[in-house]
Amino acid sequence: MKIFNKLLFVLIFSLAGISITYAAEGDTTKVKAHDDVAMTWYGNYEKWAVFPTDTSKSYRKIIMHYTMGCPSSGCSDWDYTTKIELLNETGEIDSTLDLAPNFKVNGSKVDSVKFSSDTTWVYYYNSSTKSMDTNLNSILTIYLYNDVDPYLLTDSINVWTADYYNYIYDSSGNITDSTYVSKDSTWVTTYTNVYTHFNVTEPFELGRVITPYAGDFSTSWKRTYSFDVTDYAPLLRDSVKFRAHYSGYSSGFSVTLDFDFIEGIPVREVLKVENLYRVNAGYDDGGTTFDANYMPAKDIDIGSDVSQLMLRVIPSGHGFDNDVYCAEFCEKDYYVKVGGSQKYSQNMWRDDCGANPLYPQAGTWLYDRANWCPGTKVIAYDHDLTPYITPGQSVNLDVDVEFYNWSGNQSPYYIIEVQ
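Residues numbered from 1 in each chain as written. Predicted model: local features only at pLDDT ≥ 70, side-chain atom pairs only at ≥ 80, totals over all residues. Heavy atoms only, no water.

### Brief notes about the state of the cysteines
For the coordinates displayed, the defined rule picks out 3 disulfides. Cys326 shares a disulfide with Cys330; S-S distance 1.8 Å. The S-S bond linking Cys326 to Cys330 shows a torsion near 125 degrees; that makes this disulfide right-handed. In this structure Cys326 comes out as buried when scored by relative accessible area, which is 1%. Owing to a relative accessible area of 8%, Cys330 belongs among the buried residues under this scheme. Disulfide pairing is shown between Cys353 and Cys373; the S-S distance is 2.0 Å. Disulfide Cys353 to Cys373: torsion about the S-S bond roughly -85 degrees, handedness left-handed. Separated by 20 residues along the polypeptide, Cys353 in the loop between strand E25 (341–348) and strand E26 (381–384) and Cys373 in the loop between E25 and E26 bring together distant segments of the chain. (Disulfide = S-S within 2.5 Å. Buried < 20%, exposed > 50% of the residue type's maximum accessible area, 1.4 Å probe, protein only. Helix = DSSP H or I, 4+ residues; strand = E, 2+ residues; numbered from the N terminus.)

Right, here's the structure in full:
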């Protein structure tokens, strides 16, 4: 078999001093967002990436590579959920209320402070010398803020803690008396209401990976998970912020995020991507509350220029301290309905965890689970809704998780993204 390298044709107009590069079919543009970012505790790790802006080019494939690794502190022992989300700018502006104090103590907000302008001391019994000893109190730095601009630092003073009693000790360490350390002043914090404005973003999940049981992995361990994100092309333009979400409460893992834009004609031109449901919730009351509160039926407007519609569902089940071992260790379906009529059903289950290519691991990595295995991607399921739409009219869509009852100490819960 012969392997042909891609060709890159370059025409150089020497007289004009112009160099023009023509990319052959399949030429690839690479973009990086996160670069070996350590995820050390539960939270979001956000980075910007700059994508191609040339609208004359099209891409037959856009591949996202999520490389998970161990940070310098080592990988975690547990199977935690991680997500890669694109944060799309909606164009809307919102605000949050912040309470700006007129002073802070050592950089922190306090309700009040009692202090002395002279140095103060703490008495204690020294068991080595069998006598009373003293330590100088640490300096308190009070930072003062301007009333006109509540965030503008205008001055600072150094003071010492006061308004407390020092105990007097005898040679045996017994308290025999006390002395009061007087204060010069008591300041009570006043707050100013400040509204901070920000651009509203809407998250779109591009990929979900469950971390492995990796406590004994080498700090040099890495593994790359690749996702076809071609259908998100309308959102992958210009400057885009990405969020790597880590649900672990211990350190940790690292994330590197790379994109390959492979030039060519895509299978279809995606006009729009919408979130139908974004769910991370407990499955209570036999599913009645879950369905009504988190996944109710919705009407979606279909543009007159739309010829195809696809539904993407990314489900994973978690929690098992109950009588049916749900949702992590129980096999359930979800149902896709159009206009109230069921069109698809899909089993949310991985029956191949024992064949996990990432082995060996500690823990229960061999056990099959609700659409995931430790150290693997969560499977996304695509459902073609084209036969059930009429361009220019709305369509009623609904996704329901199979109803079941449970009892026990822990509610089953599902993380489900539907786009």
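From this point, the narrative continues.
### As for the side chain of Thr67
Tracing the backbone shows Thr67 in strand E6 (residues 59–69). Of the residues examined, Thr67 reaches a relative accessible area of 13% and is grouped as buried. A polar contact is formed between the side chain of Thr67 and the side chain of Thr224, at a distance of 2.8 Å. (Polar contact = N/O pair within 3.5 Å; in protein donor to acceptor, adjacent residues only side chain to side chain.)

### Here's the deal with a nonpolar patch on the surface
A contiguous nonpolar patch, built from Leu97, Leu99, Tyr191 and Tyr195 and spanning about 400 Å² of accessible area, is present on the exposed surface. At the level of elements, strand E7 (81–101) and strand E17 (191–210) are the ones that each hand at least two residues to the nonpolar patch. Here Leu97 shows up in strand E7. Take Leu97: its relative accessible area is 48%, and that puts it in the partly exposed class. (Patch = residues over 30% accessible without salt bridge, like charges linked within 9 Å, V, L, I, M, F, W, Y side chains within 5 Å. Areas by Shrake-Rupley, 256 points an atom, 1.4 Å probe, with all protein chains shown as cover. Salt bridge = Lys/Arg side-chain N within 4 Å of Asp/Glu carboxyl O.)

### Brief notes about the pattern of salt bridges
Per the counting criterion, the structure on display carries 22 salt bridges. Note that Asp260 is salt-bridged to Lys30, the shortest N-O span being 2.9 Å. A residue pair is termed long-range when its members are at least 10 positions apart, and Asp260 in strand E20 (residues 253–263) and Lys30 in strand E3 (residues 28–32) qualify at 230 residues. Judged by relative accessible area, Lys30 falls into the exposed class, the value being 63%. We note a salt bridge from Asp98 to Lys109, for which the minimum N-O separation is 3.5 Å. Of this pair, Asp98 sits in strand E7 while Lys109 sits in the loop between strand E8 (103–105) and strand E9 (112–116), and the two are 11 residues apart along the sequence. By relative accessible area, Asp98 is classed as partly exposed at 25%. Each of the salt bridges in this network shares a partner with another, and the network as a whole consists of Glu46, Lys83, Glu85, Glu205, Arg208, Lys241, Arg243, Arg278 and Glu417.

### So, the pairing of E25
Note that strand E24 (residues 332–338) and E25 share 7 bridges and pair antiparallel. Along E25, the bridge assignment pairs Lys332 with Met348. Where E24 hands over to E25, the hairpin turn is made up of 2 residues, of which Gly339 adopts a positive phi near 60 degrees. (Pairing = 2+ DSSP bridges.)

### What about unusual backbone geometry?
Gly252 follows Ser251 through a cis peptide bond whose omega is -15 degrees. Examined against the element boundaries, Gly252 turns out to sit in the loop between strand E19 (239–246) and E20. Cis peptide bonds are those with omega within 30 degrees of zero, and the linkage from Cys326 to Ala327 qualifies with 5 degrees. Locating Ala327 in the fold gives a position in the loop between strand E23 (310–318) and E24. Phi is positive for Asn106, which is not a glycine, with a value near 55 degrees. Topologically, Asn106 is positioned in the loop between E8 and E9. For Asn106, a relative accessible area of 44% translates into the label partly exposed.

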